[in-house]
Amino acid sequence: QVQLVESGGGLVQAGGSLRLSCVASGRTFSRNVLGWFRQGPGKEREFVATIGWSGGITVYADSVKGRFTISRDNGKNTVYLQMNSLKPEDTAVYYCAASSRIVVKSGYDYWGQGTQVTVSS
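Described below are features of the structure shown in this document. Since we're looking at a predicted model, the values are computed, not measured. (Residues numbered from 1 in each chain as written. Predicted model: local features only at pLDDT ≥ 70, side-chain atom pairs only at ≥ 80, totals over all residues. Heavy atoms only, no water.)

It is worth spelling out the state of the cysteines at this point. Applying the stated criterion across every chain, the model contains one disulfide. Across a sulfur-sulfur distance of 1.9 Å, cysteine 22 and cysteine 96 are joined as a disulfide pair. What sets the handedness of the cysteine 22 and cysteine 96 disulfide is the S-S torsion sign, and at about 45 degrees it is right-handed. One end of the pair, cysteine 22, is in strand S3 (residues 18-26); the other, cysteine 96, is in strand S9 (residues 92-99), with 74 residues separating them in the sequence. Summarising the burial analysis for this pair, cysteine 22 and cysteine 96 share the class buried. (Disulfide = S-S within 2.5 Å. Helix = DSSP H or I, 4+ residues; strand = E, 2+ residues; numbered from the N terminus. Buried < 20%, exposed > 50% of the residue type's maximum accessible area, 1.4 Å probe, protein only.)

The following block contains the structure:
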């Protein structure tokens, strides 16, 4: 069983940066694939990024490539999303997710409650 709690959201000016954190509680955290998703106003939830068990493999949505970086610290049971060069279209509720099986853009088993990111223009 995995529980996820996001933090780090807020209001930021376009071009600025934010770093989201998600602390996971679980017996097998180090073996979980971890991902970030977001849901903007009037839009469906979409994949943002994912990171493998050891952190060596990452996958990003085209919309955030070159701007966002996902990382994890298994010692702290935490996954991060560093967001740079933020755009108004990045405004969304951001969710972290975990899976005990190999997944990429879908199929995650556990979800956090989300943290709001608002980018002003």
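Moving on, we come to the pattern of salt bridges. Under the counting rule described, the total for this entry stands at five salt bridges. Here glutamate 46 ties to arginine 38 by a salt bridge, and the two come within 2.8 Å at their closest N and O atoms. The buried category is assigned to arginine 38, whose relative accessible area is 4%. In this structure, aspartate 62 and lysine 65 form a salt bridge, with 3.0 Å as the shortest nitrogen-oxygen distance. Several salt bridges converge on common partners, so that one network encompasses Arg38, Glu46, Arg67 and Asp90. (Salt bridge = Lys/Arg side-chain N within 4 Å of Asp/Glu carboxyl O.)

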